[in-house]
Every structure is written in structure tokens, then in C-alpha cells.
Amino acid sequence: MQQNRDGFSSRFGVIAAAAGSAIGLGNIWRFPYVLGENGGGAFFLIYLAFIVLLGIPLMLTEMSIGRAGQRNTYGSFRNLAPKSKWYFIGIMGVVGAYMILSFYSAVAGWTLQYLYDAVVNNFANKNSADLVSMYETFTSSSFMPVVWTLVFLFLTGLVVVAGIEKGIEKYTKILMPLLFVIIVVLDIRAVSLDGAEEGLSFLFNPDFSKISSKVVLEALGQAFFSLSLGMGTIITYGSYIDKKEKLFSSAVSVSLADTAIAVLAGVAIFPAVFAFGIEPDSGPGLVFITLPNVFQQMPGGYFFSIIFFFLLVIAALTSSISLLEVIVAYFAEELNMTRAKATMVSFISVGVLGVLCALSFGPMSKVTLFGFTIFQLFDYVASNILLPVGGMLIVFFAGWVWARSRFKQEIIGESKENGLFKIFMFIIKFVAPFAIALVFLNAVGLLKF
Ligand code: PFF
């Protein structure tokens, strides 16, 4: 079905595309709230260790598999390992993409509402308590959150069906650095607030008594979520990468840029959390109740809030298109749909689930499974189960099943194996699969340390 592949822009810059996928709500919304719920500094250190030790190698592996396999994740595994069941990873990825895109669209919908609130100056003269109630009233209502979720998904579908990722790439290159600048401005304001030290210490002073098997699993889940790893997104994108691109430096740059944005977001948020007397473990609303406080305390806050929420919507969009692309590429290439039909089918099916997620804070907050609302269930299962298990299978495949020579070909081409490549292979074969398995089994209680 090779002809179906060109709907998505043919070949495009790997860094811009993968960075667009990686940088998103995961950095600015999820990282601070999950860190706040898991005790702060110790979580942060473990998260960083996972990025370096597991994240970067897995990113490089996914890029290699995609570029060698030349298809969506499912198809790539069928190409690389015919007559085996590894394509199952592709199916897990489609399931993961469904779950993540559903709750992601709901949160992106909140961002759209906050962009609107910023424009009409709704944060003005509100104190911390007012902002909390503003967030709660909005997220628990049954109409606007649903509308915004569907608007956001629709925009995502529009980009994917029009195959205008090339255009998006051009904007990403300008807008992501701008996002970076705005966050740095927020950082400067946040760290100069009265009482900022407490927030910085929460973030950077690890309290090791806070570490538990759950915290470690959450850190792993957040690392993979933030880098878009473990479900084949980067494999799917990898299949569009030009053979001339150097994958190693791309994987490193994308991972570092992504981590930098998360850390800077933490520095913007935690000093303010403490300065304004907000609970660090407030949950998914943390960013939405904290930052409007900061905007009010800075000159030009009105304009900054508009630019910030606008850029956050764009960052969310460049991530959500990568999630939708996983589903659409699978439907188009494996089920022989046209891209337009595949996008339509995905939009409708994800839309239904997205609405359920959007309603999880209001009318459907009592609908729970294992004590989780639908939103929480999708977030937890996708990030802390599907991504780690998917990541483990992918590195296991690359280290033990795939021919080392073909793997090497993608990473260093014809050159002789150097030290760096040998270390990389060691991590992929011996460290990564077992480390992920240990973290996972320990957290679910099948193995106890
Ligand atoms: N990495 C994205 C973010 O941090 O917002 C979210 C995401 C995109 C997760 C794509 C997983 C994925 F496959």
C-alpha cells in the first residue's frame, strides 16, 4: 500500500517532527502534576536517570526500527520480522494512542478554554481560591469541556488529513523556541516571588524517603510519556525520516530539548505553588490554577498569558497529530482505508472516548473502575502500563531478535562499531529490558525489593 504513504508529508526534518511530538502537555501539564503527587525532588532525579539511561536509547531504537521498517509500527515489525508475532507491539501502540489521545484532547480542550479566558481577561483580580474554583467549575461542567475536546480533535484531524505536517514543521521551528522563551520569562518571575525557595527546594532537594515502587514506576511512565516512547509513535515518524539523517544526534537533541522544557516548566510552577499556598499534589489542575496567579503578578501579564496558552495549544497539537498519525497510518496501511476515511473513523471513535474523559471531572466523576475515573484509567494504564511494557518489548526485539548489523546500519551506517555504539548495544540488550521489567514487576507487586 505504498501509495497510501505519501498523504503524510513525504520526508521531513526528524528533529522538528519528533520534538513536536515530544514537547507538549506532557512537559507543561503532566510533569509538574505527577511530580507534585510523587513527592518532588526524588521523583525528579529518578525521572532524569530514566531519560538518560532508557529514554535516549529507546528513542534511537524506535527511530531505527521505523526507518528500517518503512511502515507504521505494525507494518514495520511485519517487515523486519516476518512470520513472527512482534507486530503485536503495533496493535498495543494503536490501543495506547487511542487512550492517550482521548484524555490528551480533553486537557488540550481545557487549554483552549484558558486561551479564551486569557483573551477576555478572565484571570484579572482573581486570587488563588478564585482560580481554583474557576478551574473546578469549568472542568466539572458538562458542556464546554466537551465542545473544546471535540474542537481540538477536529483541528488535529484536519492537519492529519490535509497532510500539512510540512507546514506545521515550519511553524514548530519558530513557535517551540518561542515557547521556550516564554517559559524562561515565567521562570524569572516565579523564582523572584516571595517564598519561591520552598518551591525550588521541593523540586531540587530530593527527599529519598519519598521513593516507593509506585514513585519509580510513575517516573518511568512520565519519562516515556514525555518523550512519546513505548507505543510506536517515534517508529511511525521514523519511517518518514530521510536515510541521510543522523539518528544518534537527533535522538539526543530531541530528548534534551524535551527534558529542558519540562524542567523549566517545573521551575515556573513550583515556586508559585508555594508562594500562593497551592497544594503541590493538587492533581491535573495544578498548572491551570498556578500559572494564572503568576501572570497577574507580572507586568504585561495579560499578553503573556495569551501567548503562553496559545503556544501551549500549538505544542499540544504537534503532539496530538503524532498520536493520531499512529492510528491513521495503521488504518490506512494495514486496513487499506484511504487516509481521509481513516482519519474520519479515528476522529469519531477517539471523539467518543475523549468526551467520556472530558466528562470525568463532572457528570461522570462517579463512574469508576478500580477506583479510577475513565480519564484517570486511560492516563494510568497508558502511561504506566502500556508505554513501559511496549518500550520493554521494543528494546528486547532490537537487542535480541533484530540482526545487529541492520541495527548498526541505521545508526552508524557503514562505519566500524565504535565505543559509543557498543555501550548503546549493551544498554539495549542487557540494561534496558531488565530495568524496565524490574520497575514494572516491583510496582505491580510480583517482585519485592
Ligand atoms: N510526548 C507528548 C507530550 O509530552 O505531551 C505526549 C505523547 C505524544 C505521548 C505521543 C505519547 C505519544 F506517543
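Structural data are supplied above this passage.
A short tour of the structure in this document, coming up. (Residues numbered from 1 in each chain as written. Predicted model: local features only at pLDDT ≥ 70, side-chain atom pairs only at ≥ 80, totals over all residues. Heavy atoms only, no water.)

## Brief notes about the site of the ligand
Taken together, the neighbourhood of the ligand is formed by 15 residues, with Ala-22, Gly-26, Tyr-104, Phe-225 and Thr-233 sitting nearest. At 3.1 Å from an oxygen atom of the ligand is found a main-chain nitrogen or oxygen belonging to Leu-25. At a separation of 3.0 Å, a nitrogen atom of the ligand approaches a polar backbone atom of Ser-226. Burial of the ligand by the protein amounts to 100% of the accessible area it has alone, namely 340 Å². For the shell around the ligand, the elements supplying multiple residues, two or more each, are helix H1 (14-22), helix H2 (25-37), helix H10 (213-226) and helix H14 (301-334). For the shell around the ligand, the residue count by class is 6 nonpolar, 9 polar and no charged. (Near = heavy atom within 4 Å. Polar contact = N/O pair within 3.5 Å; in protein donor to acceptor, adjacent residues only side chain to side chain. Areas by Shrake-Rupley, 256 points an atom, 1.4 Å probe, with all protein chains shown as cover. Helix = DSSP H or I, 4+ residues; strand = E, 2+ residues; numbered from the N terminus. Nonpolar A, V, L, I, M, F, W, Y, C, P; charged D, E, K, R; others polar.)

## Some words on the environment of Tyr-87
If you trace the backbone, Tyr-87 turns up in the loop between helix H4 (73-80) and helix H5 (88-119). In the structure, Tyr-87 is positioned 11 residues away from Ser-76 in sequence and 7.7 Å away in space, judged by C-alpha atoms.

## Things to note about the packing of aromatic side chains
Counted by the stated rule, this structure contains 41 aromatic pairs. When the ring of Phe-372 is compared with that of Tyr-380, the centres are 5.2 Å apart and the planes differ by 25°; the resulting orientation is stacked. Under the relative-accessibility criterion, Phe-372 is labelled partly exposed at 26%. Its guanidinium or amino end placed over the ring of Phe-225, Arg-30 lies 5.0 Å from that ring's centre, counting from NZ or CZ. Positioned above the aromatic ring of Trp-400, the side-chain terminus of Lys-429 is 4.5 Å from the ring centre. (Phe/Tyr/Trp six-rings, centres within 6.5 Å; stacked < 30°, edge-to-face > 60°. Buried < 20%, exposed > 50% of the residue type's maximum accessible area, 1.4 Å probe, protein only. Lys NZ or Arg CZ within 6 Å of the ring centre and 35° of its normal.)

## Remarks on helix H17 (residues 404-412)
Of all the positions in H17, only Phe-407, Lys-408, Glu-410, Ile-411 and Ile-412 are classed as buried. Each buried residue of H17 sits inside an arc of 160° when the element is viewed along its axis, so together they form one side. On its buried side, H17 packs onto helix H3 (41-69), helix H12 (247-275), helix H16 (374-401) and helix H18 (419-444). Directly beyond the C-terminal end of H17, a positive phi value near 65° is found at Gly-413. (Arc of directions from axis to C-beta. Contact = heavy atoms within 4.5 Å.)

## With respect to a nonpolar patch on the surface
Together, Tyr-116, Val-119, Val-120, Leu-178, Phe-180, Val-181, Tyr-302, Phe-303 and Ile-307 make up a nonpolar patch on the protein surface, roughly 780 Å² of accessible area in all. Elements that contribute at least two residues to the nonpolar patch include exactly H5, helix H8 (165-191) and H14. Examined against the element boundaries, Val-181 turns out to sit in helix H8. Residue classification places Val-181 among the partly exposed residues on the basis of a relative accessible area of 47%. (Patch = residues over 30% accessible without salt bridge, like charges linked within 9 Å, V, L, I, M, F, W, Y side chains within 5 Å. Salt bridge = Lys/Arg side-chain N within 4 Å of Asp/Glu carboxyl O.)

## Comments concerning the packing of helix H6 (residues 128-140) against helix H13 (residues 286-296)
Remark: H6 packs on H13, axes separated minimally by 9 Å, with the N-to-C direction vectors making an angle of 135°. The angle between the axes of H6 and H13 places the two elements in the oblique class. Considering only the axes of H6 and H13, their crossing is right-handed. Counted together, Ser-128, Leu-131, Val-132 and Tyr-135 of H6 and Phe-288, Ile-289, Pro-292, Asn-293 and Gln-296 of H13 form the full contact between these two elements. When its residues are assigned to classes, the contact of H6 with H13 shows 6 nonpolar, 3 polar and no charged. (Axes fitted to C-alpha atoms, helices over the stretch in contact; angles between N-to-C directions. Parallel < 35°, antiparallel > 145°, perpendicular 65-115°, else oblique. Left-handed = near helix turned anticlockwise from the far one by under 90°.)

## Focus: the nonpolar core
Membership of the largest hydrophobic core comes to 156 residues, with the highest contact counts inside it found for Trp-29 and Phe-309. Ignoring anything within four residues of it in the chain, the contact list for Phe-309 reads Thr-111, Tyr-114, Leu-115, Ala-118, Phe-123, Phe-288 and Phe-295. (Core = buried A, V, L, I, M, F, W, Y, C linked by side-chain atoms within 4.5 Å.)

## So, the packing of H3 against H17
The description of two packed helices rests on the angle between their axes and on the distance between the axes. Orientation of H3 relative to H17, taken along the N-to-C sense of each, is 105°, at an axis distance of 9 Å. Between H3 and H17, the angle is such that the two are roughly perpendicular. Along its contact with H3, which presents Leu-60, Thr-61, Ser-64, Arg-67 and Ala-68, the element H17 presents Arg-406, Phe-407, Glu-410 and Ile-411. Partitioning the contact of H3 with H17 into residue classes produces 4 nonpolar, 2 polar and 3 charged.

## Considerations on the pattern of salt bridges
Overall, the coordinates contain 10 salt bridges when judged by the stated rule. Put simply, Glu-325 and Arg-339 hold a salt bridge, and the shortest N to O gap is 3.0 Å. Of this pair, Glu-325 sits in helix H14 while Arg-339 sits in helix H15 (residues 339-358), and the two are 14 residues apart along the sequence. A residue is classified by how much of its surface remains accessible, and Glu-325, at 0% relative accessible area, is buried.

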